[in-house]
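Spelled out from the first residue to the last, the chains are:
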Amino acid sequence: MDIVQLVERIGEGPTAALFGLIAGGIFGVAAQRSAFCLRAAAVEVARGQLGARLAVWLLCFSTALVWVQAAELSGLMRSGDARIMAVPGSWSGAVAGGLLFGIGMVLARGCAGRMLVLAATGNLRSVVSGLIFAVVGQMSLHGWLAPLRDRIAGLWVTAGGRNSDLLGGLGLPREGGLGLGLMIAVLALYLARRNRISFRKLVFGAGVGFAVAVGWVLTFGLSQVAFDPVQVQSLTFTGPSANTLMFFLERPAILQFDIGLVPGVFLGAFAAAWVGGDLRLQGFESEVNMRKAMIGAALMGFGGMLAGGCSIGAGVTGASIFAGTAWLALFSMWLGAMATDYLIDQPHGAARPV
């Protein structure tokens, strides 16, 4: 793809939105066919299982590490230019936001990316939860909740005016990131074989991580030829969900990577569900589940914005370039999700299905 010719033909903003559409489409198809979800993986671990959901998550995570670090080593991507690395990170926000997001995704029965994928298949619970997630995310970014978010995030920030480079901080070479990704991939494949996961599902699981690498490479390439500054970024759903909502509510609307990402995921998941015969309307199972889902979506909206990203944005995208706060946020999400499942869903033998 000649990015220069594309920019000259349709402009920088539409090109960024197109790249978001492409990366989102890959993610939507892969996530729908693989049933990728951090919440499901964390619940499995909380219940003492090393099952298929954990294997799929680890495969996605390791694929993102391998492809992104390989792109870095080959010059197709420079993590130091990424938006998440170019600004100060918040350790306190990563912990508090990650815990809230982890709690929220168990209550809502899905992380932000999973909700968007399910909404495309006709799941009305995810449609309602996704709207609440986007509204609370916008309130946390620019609205009534923004002062609280700023206060918590400001308690402990990274030094030097930039986020922390985990590899550099540990004194490891860039090749160390690729090596770690390969080791996690071996573990994922071992679990996949033990749980008899089909080759097709493995391919789609890896496709989720590949979509993250595509986003990084495309936006970095655009930043090298664009006249105006372009943010080097990849998949995340907290900010983009809020931005996409406001795109349709405000004028003038500005095209950017975020605006193409959310529709791309929706269209990709819808197409995959259509081909696979998975389109069906589903609603809330009970009033109790509805309340839990609404509370969980609100917690994810605030927690994701506070943590600097959702389970994809911080947990895979940020972690793939070894942003220190992203790894801490990911750990906190796992901890919050496992504790919530243990305290709420597991007691009295009434645990929900994973």
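Up top is the structure.
Residues numbered from 1 in each chain as written. Predicted model: local features only at pLDDT ≥ 70, side-chain atom pairs only at ≥ 80, totals over all residues. Heavy atoms only, no water.

Engineer: Please give an account of the environment of Gln32 that cites residues and values.
Structural biologist: Within the secondary structure, Gln32 sits in helix H2 (residues 12-34). In the structure, Gln32 is positioned 190 residues away from Leu222 in sequence and 28 Å away in space, judged by C-alpha atoms. (Helix = DSSP H or I, 4+ residues; strand = E, 2+ residues; numbered from the N terminus.)

Engineer: So what about the pattern of salt bridges? Which residues, and what values?
Structural biologist: Considering all chains together, one arrives at six salt bridges under this definition. With its nearest N and O atoms 2.9 Å apart, the salt bridge here joins Asp278 to Arg33. In this pair, Asp278 is assigned in the loop between helix H14 (257-276) and helix H15 (287-307) and Arg33 in helix H2, connecting sequence segments 245 residues apart. Since its relative accessible area comes to 26%, Asp278 is described here as partly exposed. Across the salt bridge formed by Arg47 and Asp341, the nearest N and O atoms sit 2.8 Å from each other. Here Arg47 is found in the loop between helix H3 (38-46) and helix H4 (52-73), whereas its partner Asp341 is found in helix H17 (residues 324-345), with 294 residues between them in sequence. The exposure class assigned to Asp341 is buried, which follows from its relative accessible area of 0%. (Salt bridge = Lys/Arg side-chain N within 4 Å of Asp/Glu carboxyl O. Buried < 20%, exposed > 50% of the residue type's maximum accessible area, 1.4 Å probe, protein only.)

Engineer: Give me the lowdown on the nonpolar core, citing residues and values where you can.
Structural biologist: By size, the foremost hydrophobic cluster in this structure holds 84 residues, and its most contacted members are Phe27, Trp57, Phe101 and Phe237. The element contributing the most residues to this core is H4, with twelve residues. In this view, Phe27 contacts Gly113, Val117, Val208, Ala211, Leu235, Phe237, Val265 and Ile312; residues no more than four positions away in its chain are not counted. (Core = buried A, V, L, I, M, F, W, Y, C linked by side-chain atoms within 4.5 Å. Contact = heavy atoms within 4.5 Å.)

Engineer: If you had to explain helix H11 (residues 175-194) to someone new, which residues and values would you point to?
Structural biologist: Across its 20 residues, H11 extends 29 Å between first and last C-alpha, which sits within 8% of the 28 Å expected from 1.5 Å per residue. Turning to H11, its buried residues are Gly177, Gly181, Ile184, Ala185, Ala188, Leu191 and Ala192. The arc that holds the buried residues of H11, viewed along the axis, is 125°, so those residues lie on one side. The outward face of H11, more than 90 degrees from its buried face, is lined by the exposed residues Met183, Val186, Tyr190 and Arg193. Lining the buried residues of H11 we find H4, helix H10 (166-169) and helix H12 (199-225). Arg196 lies just past H11 and shows a positive phi near 55°. (Expected span 1.5 Å × (residues − 1). Arc of directions from axis to C-beta.)

Engineer: How would you explain the packing of aromatic side chains if you had to name every residue and give the values?
Structural biologist: Per the counting criterion, the structure on display carries eight aromatic pairs. Judged by centre distance (5.4 Å) and plane angle (50°), the ring pair of Phe27 and Phe237 falls under tilted. Taken together, the residues Phe27 in helix H2 and Phe237 in the loop between H12 and helix H13 (238-247) connect sequence positions 210 residues apart. A single burial state applies to Phe27 and to Phe237, both of which are buried. Consider the rings of Phe322 and Trp327, whose centres lie 5.4 Å apart with planes at 20°: the pair is stacked. Of the residues examined, Phe322 reaches a relative accessible area of 3% and is grouped as buried. On the basis of relative accessibility, which here comes to 22%, the residue Trp327 falls in the partly exposed class. Here a set of aromatic residues connected by ring pairs shows up, and it is made of Trp57, Phe61, Phe322, Trp327 and Trp334. (Phe/Tyr/Trp six-rings, centres within 6.5 Å; stacked < 30°, edge-to-face > 60°.)

Engineer: Explain the environment of Trp57 to me, and be specific about the residues and the numbers.
Structural biologist: Here Trp57 shows up in helix H4. Here the alpha-carbon distance between Trp57 and Arg39, two residues 18 residues apart in the chain, equals 9.7 Å. Trp57 has contacts with Phe36, Cys37, Leu38, Ala41, Gly315, Leu330 and Trp334, leaving out every residue within four places of it along the chain.

Engineer: Describe H3, and please don't skip the residues or the numbers.
Structural biologist: With eight of its nine residues buried, H3 lies for the most part within the structure. Taken together, the buried positions of H3 are occupied by Leu38, Arg39, Ala40, Ala41, Ala42, Val43, Glu44 and Ala46. Looking at the buried positions of H3, the neighbouring elements they touch are H4, helix H6 (91-107) and H17. Among the residues trailing H3, Gly48 stands out with phi positive, at a value near 75°.

Engineer: How would you explain the packing of helix H1 (residues 3-10) against H12 if you had to name every residue and give the values?
Structural biologist: At a minimum axis separation of 10 Å, H1 and H12 run at an interaxial angle of 70°. The pairing of H1 with H12 is recorded here as roughly perpendicular in orientation. Across from Ile3, Val4 and Val7 in H1, the residues of H12 making contact are Leu218, Gly221, Leu222 and Val225. Within the contact of H1 with H12, the residues separate by chemical class into six nonpolar, one polar and no charged. (Axes fitted to C-alpha atoms, helices over the stretch in contact; angles between N-to-C directions. Parallel < 35°, antiparallel > 145°, perpendicular 65-115°, else oblique. Nonpolar A, V, L, I, M, F, W, Y, C, P; charged D, E, K, R; others polar.)

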